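Chains, contacts and geometry: an overview
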Amino acid sequence: MTNASALNPPFDTLPQQRQAATLGIWIFLATEVVFFSGMFLGYSLYRQQYSAGFTAAGAHTDILVGTVNTFLLLVSSATMAVAVWAGRQGFRRTVLAGLVLTAGFGTAFMVLKAIEYHDDFSQHLIPGAADFPIARPGAQLFFSYYWIMTAVHAVHLTVGVTAVSITAWRLARGSLVWRDTAFLHVLALYWHLIDVIWIFLFPLFYLLGR
Amino acid sequence: MKSAPAILSGMWRKAAVIWALLTLILAATVTAAYLDLGDFKLPVALAFAVMKAALVIVLFMELPLTRASTRLLMLTGLLFVLVLFGLTFADRLTRPDQPASFDARATFPQDR
């Protein structure tokens, strides 16, 4: 891979291009933090008002699935980091292994989340359901935030798994300029942010009422 | 100059050490959730979350290695979050009574 194909207009040098790409993804991540914080704020307000209801509702989420999923995302962040570090040193096979493992752990998370959603549905843990099982003020609000925030997170993770998989496929085919660009680093930053958001969702939805 | 296998195993080892640390904090988080901490349960859980997030942001996302403009950008994002929470709770915690529309029982009559 020559530097000429890695460098794109309007940039004059590769370091300049890498810095611009890194700054760009951090701008996006900052907007993501503000976007999610709106939902965190709503959760906090209602938790403050209905703390007993939130505690009662929190006991109904599956702590085993939640903990295993947190574990899976932490492992996936480690494998993603290896892919980036290997990319800087030019170890193509390790980059590929890191990406495939990351996409695999992300997929495992999604499978477990789907099973958990199915269980939640069969227990009628749906706000507004006539037979909602927890008769406490605020319990339905807890589950409103549970569904919205975990679903928005799952959408982000689906985008992440897709992006990592496409990157791995392009790397395997040899159609990805990965050596001198910030491509892998930018992809990893997005992945790590999804992990960081989950790190905060986990205590709010799985650890209350234990 | 280190050999390629040495550099590679070094990378995996570094990732494994950070991951082990994260897993240890996760174990502590889950254990603390079952302890009788009263009102401190959520603050303790969130403190562990901040530790995990800090490890990921500093060591995996390498925020301290970025340029000052990037770090400033992220701090601006956090500042907006602080303003959002600060102003909202300044109002919420000092207001003696709630408007009826703020009560979940008004919006969700089935929420007994």
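Residues numbered from 1 in each chain as written. Chains lettered and ligands numbered in written order. Predicted model: local features only at pLDDT ≥ 70, side-chain atom pairs only at ≥ 80, totals over all residues. Heavy atoms only, no water.

**Here we look at the overall build of chain A**
Scanning chain A from terminus to terminus reveals seven helices and zero strands. Secondary structure elements of chain A, listed N to C terminal, follow the sequence α-α-α-α-α-α-α. Counting only C-alpha atoms, chain A reaches 65 × 30 × 25 Å along its principal axes. A buried classification covers 54% of the 210 residues belonging to chain A. Put simply, of all contacts in chain A between residues at least 6 apart along the chain, 80% involve residues at least 24 apart. Of the roughly 8100 Å² of accessible surface on chain A, a fraction of 67% belongs to carbon and sulfur atoms. (Helix = DSSP H or I, 4+ residues; strand = E, 2+ residues; numbered from the N terminus. Buried < 20%, exposed > 50% of the residue type's maximum accessible area, 1.4 Å probe, protein only. Contact = heavy atoms within 4.5 Å. Areas by Shrake-Rupley, 256 points an atom, 1.4 Å probe, with all protein chains shown as cover.)

**Examining the packing of aromatic side chains**
In the structure shown here, the tally under the stated rule is 23 aromatic pairs over all chains. Relative to Phe36 of chain A, the ring of Phe35 of chain A has its centre 5.3 Å away and its plane inclined at 75 degrees; by these criteria the two rings are edge-to-face. Its relative accessible area of 42% is what places Phe35 of chain A among the partly exposed residues. The class of Phe36 of chain A is buried, set by a relative accessible area of 1%. Put simply, the rings of Tyr43, Phe54, Tyr117, Phe121, Phe132, Phe142, Phe143, Tyr146, Trp147 and Phe205 of chain A pair up and form one aromatic cluster. The cationic tip of Arg179 of chain A hangs over the ring face of Trp178 of chain A; the distance from NZ or CZ to the ring centre is 5.9 Å. Between the NZ or CZ atom of Lys14 of chain B and the centre of the ring of Trp85 of chain A, over which it lies, the distance is 4.2 Å. (Phe/Tyr/Trp six-rings, centres within 6.5 Å; stacked < 30°, edge-to-face > 60°. Lys NZ or Arg CZ within 6 Å of the ring centre and 35° of its normal.)

**With respect to the nonpolar core**
By size, the foremost hydrophobic cluster in this structure holds 87 residues, and its most contacted members are Tyr43, Leu99, Phe143 and Phe205 of chain A. For this core, the elements supplying multiple residues, two or more each, are α2 (14-49), α3 (51-58), α4 (63-89), α5 (92-122), α6 (139-173) and α7 (183-206) of chain A together with α1 (4-33) and α2 (41-60) of chain B. Tallying contributions element by element places α7 of chain A first for this core, with 17 residues. Apart from residues lying up to four places away in sequence, Leu99 of chain A is in contact with Met80, Ala83, Val164, Thr167, Ala168, Leu171, Leu184 and Leu187 of chain A. (Core = buried A, V, L, I, M, F, W, Y, C linked by side-chain atoms within 4.5 Å.)

**Quick word on α2 of chain B**
Compared with the 28 Å implied by 1.5 Å per residue over 20 residues, the 28 Å span of α2 of chain B between its first and last C-alpha is a close match. Those residues of α2 of chain B that are buried lie in contact with α2, α4 and α7 of chain A together with α1 of chain B. Positioned one or two residues after α2 of chain B, Glu62 of chain B has a phi angle of 55 degrees, which is positive. (Expected span 1.5 Å × (residues − 1).)

**Focus on the interface of chain A and chain B**
Across the contact, 60 residues belong to chain A and 56 residues belong to chain B. Summing the contributions of chain A and of chain B, the shared interface buries around 5200 Å²; its carbon and sulfur component is 77%. Linking chain A with chain B are one salt bridge, by the criterion used here. The shortest N-O distance in the salt bridge between Arg88 of chain A and Glu62 of chain B comes to 2.7 Å. Our count for the chain A to chain B interface comes out at five residue pairs in polar contact (both at pLDDT 80 or more). Among the elements of the structure, α2, α4, α5, α6 and α7 of chain A are those that each provide at least two residues to the side of chain A that touches chain B. Per-element tally for the side of chain A that touches chain B: the top contributor is α2 of chain A, with 19 residues. Among the residues forming the side of chain A that touches chain B, the class breakdown is 37 nonpolar, 18 polar and five charged. (Buried area = accessible area lost by both parts, 1.4 Å probe. Salt bridge = Lys/Arg side-chain N within 4 Å of Asp/Glu carboxyl O. Polar contact = N/O pair within 3.5 Å; in protein donor to acceptor, adjacent residues only side chain to side chain. Nonpolar A, V, L, I, M, F, W, Y, C, P; charged D, E, K, R; others polar.)

**Side note on the confidence of the model for chain B**
Looking at chain B, the pLDDT average stands at 88 and 86% of residues meet or exceed 70. Interface predicted TM-score (ipTM) for the complex: 0.92; the corresponding pTM is 0.92. (pLDDT = per-residue confidence, 0-100.)

**Re the packing of α2 of chain A against α7 of chain A**
Residue and element names in this part refer to chain A. Two elements in contact, α2 and α7, have axes separated by 10 Å at closest approach and are oriented at 15 degrees. Accordingly, the angle class assigned to the pair α2 and α7 is roughly parallel. Crossing of α2 over α7 shows right-handed handedness. Contact residues: Ala21, Thr22, Ile25, Trp26, Phe28, Leu29, Glu32, Val33, Phe36, Phe40 and Tyr43 in α2; His185, Val186, Leu189, Tyr190, Leu193, Ile197, Phe200, Leu201, Leu204 and Phe205 in α7. (Axes fitted to C-alpha atoms, helices over the stretch in contact; angles between N-to-C directions. Parallel < 35°, antiparallel > 145°, perpendicular 65-115°, else oblique. Left-handed = near helix turned anticlockwise from the far one by under 90°.)

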